[in-house]
Structures are given as structure tokens and as C-alpha cells.
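# Descriptive analysis of the structure
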Amino acid sequence: MVTKDKNDALNIAQVEELMYQALETEIGGQLVYKTAITCARNSELRKEWQTYLEETEMHEEVLRKTFERISLDPEVETPGRAVLRSKVRALVAAMEMAKADGGPGAAQLVAAECVVEAETKDHQNWELIGKLAENLDGEAAAALAEAHGKVEDQEDEHLYHTMGWARELWFESLGMPAVLPPPEEEKKVKTAIGAARAKQQREEML
Ligand SMILES: [Fe+2]
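Thresholds, definitions, all that
Residues numbered from 1 in each chain as written. Predicted model: local features only at pLDDT ≥ 70, side-chain atom pairs only at ≥ 80, totals over all residues. Helix = DSSP H or I, 4+ residues; strand = E, 2+ residues; numbered from the N terminus. Contact = placed C-beta atoms within 7 Å. Core = buried A, V, L, I, M, F, W, Y, C linked by C-beta atoms within 7 Å. Buried ≥ 20, exposed ≤ 12 C-beta atoms within 10 Å, placed from the backbone. Expected span 1.5 Å × (residues − 1). Bend = angle between axes of the 7 residues up to and from the residue. Axes fitted to C-alpha atoms, helices over the stretch in contact; angles between N-to-C directions. Parallel < 35°, antiparallel > 145°, perpendicular 65-115°, else oblique. Left-handed = near helix turned anticlockwise from the far one by under 90°. Nonpolar A, V, L, I, M, F, W, Y, C, P; charged D, E, K, R; others polar.

Glancing now at the overall build of the chain. Of the regular secondary structure elements, the chain holds eight helices and zero strands. In the chain, the succession of α and β elements from N to C terminus is α-α-α-α-α-α-α-α. Structurally, the chain occupies a C-alpha span of about 55 × 35 × 25 Å along its principal axes. Restricting to contacts in the chain with at least 6 residues of sequence separation, those with at least 24 account for 68%.

Right under this line is the structure:
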């Protein structure tokens with residue numbers, strides 16, 4: 001149970017909801033990656049997603065330890081968690097559909113887009129958790145800050161690098177020059193500004 005905040009202004013029920021959604025996102029993310037890996041044709045992309053899958057498993061562990069530290073039951077069901085599970089089912093179904101009907105090239109593109117969608121939510125969860133840590137007090141503040149510190153850089157990579165892959169694979173499929181692996185990869189992008197810069201510089205990398 002999260003109890004202490006710095007100015008008594010926080011909606012504690014919603015704080016806990018964010019933590020439950022963060023956990024559910026990491027669990028569902030693993031299903032998304034497992035299916036995406038079966039859609040990947042580019043070997044570097046497949047390797048990258050395998051790494052991201054392992055990191056996502058680690059994020060689930062980090063959250064489970066955080067839950068223990070702040071005495072939050074990880075099994076509590078919320079309507080938000082059910083919504084997330086339904087989204088994951090839709091993402092997995094979309095990839096399976098692309099594999100069956102669209103051919104391998106289409107499946108890889110759809111998978112890249114599905115990973116971007118899943119990681120967009122994941123990225124926002126952690127951004128919020130980082131900010132939340134600054135507004136909490138005591139053990140909860142320490143636990144959230146520590147968890148955030150462990151995963152933040154990886155979350156940035158998962159989102160920005162996969163966005164780069166999705167864009168460049170689309171260019172390739174259109175028959176236009178593509179930078180593969182994407183500039184975000186080469187420049188080891190970890191921020192939104194870095195991603196914008198990498199995208200801007202892609203022309204020079206063609
Ligand atoms: Fe994650």
C-alpha cells in the first residue's frame with residue numbers, strides 16, 4: 001500500500017492503478033515480443049527483439065520486487081489490467097493475421113508497428129513512475145526511484161529503436177533507400193530529442 005506523499009495531493013488509488021498497469025504491460029509485452037520474433041526476417045532485428053524480450057522479463061522482476069517492497073499485491077485484478085490484456089490479444093492476433101495472409105515482409109512490418117504500440121504504453125508508464133517517485137515520500141519513493149533507474153534507459157531504447165526499424169522497413173518495402181539498421185540504433189538514441197535528431201540525419205546515412 002502506498003501511503004506517503006509529499007503534499008497529500010496524490011490520488012493513491014490511481015497511483016496503485018499505474019503500478020498494476022505497469023506490471024501488466026511488462027507481462028503482455030513478453031507475449032508481443034514472442035510473436036514479433038516469429039515475424040522478424042531481418043536477423044539483426046530478430047536478435048534485438050530477443051534482447052528486448054529478456055529485458056522485459058527483467059522489468060517484470062523489478063516490478064515484482066518493487067511491489068513486495070511497497071506491500072502491493074501483484075495479483076490484484078483491475079479493469080485497467082483487463083483492458084491491457086485485451087490490447088495484447090489484439091496485437092498478437094494482428095501479427096498472426098499478417099503472417100497468414102500478408103506474407104513474411106508484411107508480417108515483419110506489422111510486428112514492428114505492434115512493438116511500437118506496446119512500447120509506447122510501457123515507456124509512458126515508466127516516465128510516470130519516475131515523476132511519481134519525486135512526489136512520494138519514504139520507502140515508496142526510494143523503491144520507485146530505484147526501479148525506474150534500473151529500467152529507464154532500456155525502455156527508451158525499446159521504443160525509439162523500434163520506431164526507427166518500423167520507419168526504415170517501410171521505406172525498404174516501398175522500394176525507397178532505407179537505413180538498416182536504423183540511425184537510432186547507430187546513434188544509440190535514448191531520448192526523444194535524440195530520436196528526432198537521428199531521423200533528421202538519416203538522409204546523410206543513406
Ligand atoms: Fe519494459
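That was the structure; now back to the text.
Right, let's get into the nonpolar core. Val 32, Ala 36, Met 95, Val 110, Ala 111 and Cys 114 are the most contacted members of the largest nonpolar core, which totals 30 residues. The element that contributes the greatest number of residues to this core is helix α4 (residues 103-135), accounting for eight residues. Among residues more than four places away in sequence, those in contact with Ala 36 are Trp 49, Met 95, Ala 111, Cys 114 and Val 115. Within the second largest apolar cluster, 19 residues are counted, among which are Met 19, Leu 63, Ala 140 and Val 151.

A separate point is helix α5 (residues 138-174). Across its 37 residues, α5 extends 53 Å between first and last C-alpha, which sits within 8% of the 54 Å expected from 1.5 Å per residue. A bend of about 45° at Val 151 is the largest found in α5. Where α5 terminates, the next one or two residues include Gly 175, which has phi positive at roughly 85°.

Turning next to the packing of α4 against α5. Viewed as axis vectors pointing N to C, α4 and α5 meet at an angle of 155°, and their least axial separation amounts to 7 Å. One element, α4, and the other, α5, form an angle in the roughly antiparallel class. The handedness of the crossing between α4 and α5 comes out as left-handed. Its residues assigned to classes, the contact of α4 with α5 shows 19 nonpolar, nine polar and five charged.

Let's shift gears to the environment of Ser 173. Secondary-structure assignment places Ser 173 in helix α5. Overall, Ser 173 belongs to the partly exposed group, with 13 C-beta atoms counted inside 10 Å. Each C-alpha atom, one on Ser 173 and one on Ala 100, is 18 Å from the other, the two residues being 73 residues apart in sequence. In contact with Ser 173, other than residues within four places in its own chain, are Gly 105 and Leu 109.

It is at 10 Å that the axes of helix α2 (residues 43-69) and α5 come closest, and there the two elements cross at 165°. Judged on the interaxial angle alone, α5 and α2 are roughly antiparallel. Seen along the crossing, α2 lies across α5 with a hand that is left-handed. Only Glu 139, Ala 143, Leu 144, Ala 147, Lys 150, Val 151, Gln 154, His 158 and Trp 165 of α5 make contact with α2, whose side of the interface consists of Leu 45, Tyr 52, Glu 55, His 59, Val 62, Leu 63, Thr 66 and Arg 69.

Right, let's talk about the environment of Asn 135 for a bit. Summarising the element assignment, Asn 135 is placed in helix α4. The class of Asn 135 is partly exposed, set by 14 C-beta atoms lying within 10 Å. Expressed as a C-alpha distance, the spacing of Asn 135 and Lys 188, which sit 53 residues apart in the sequence, is 30 Å.

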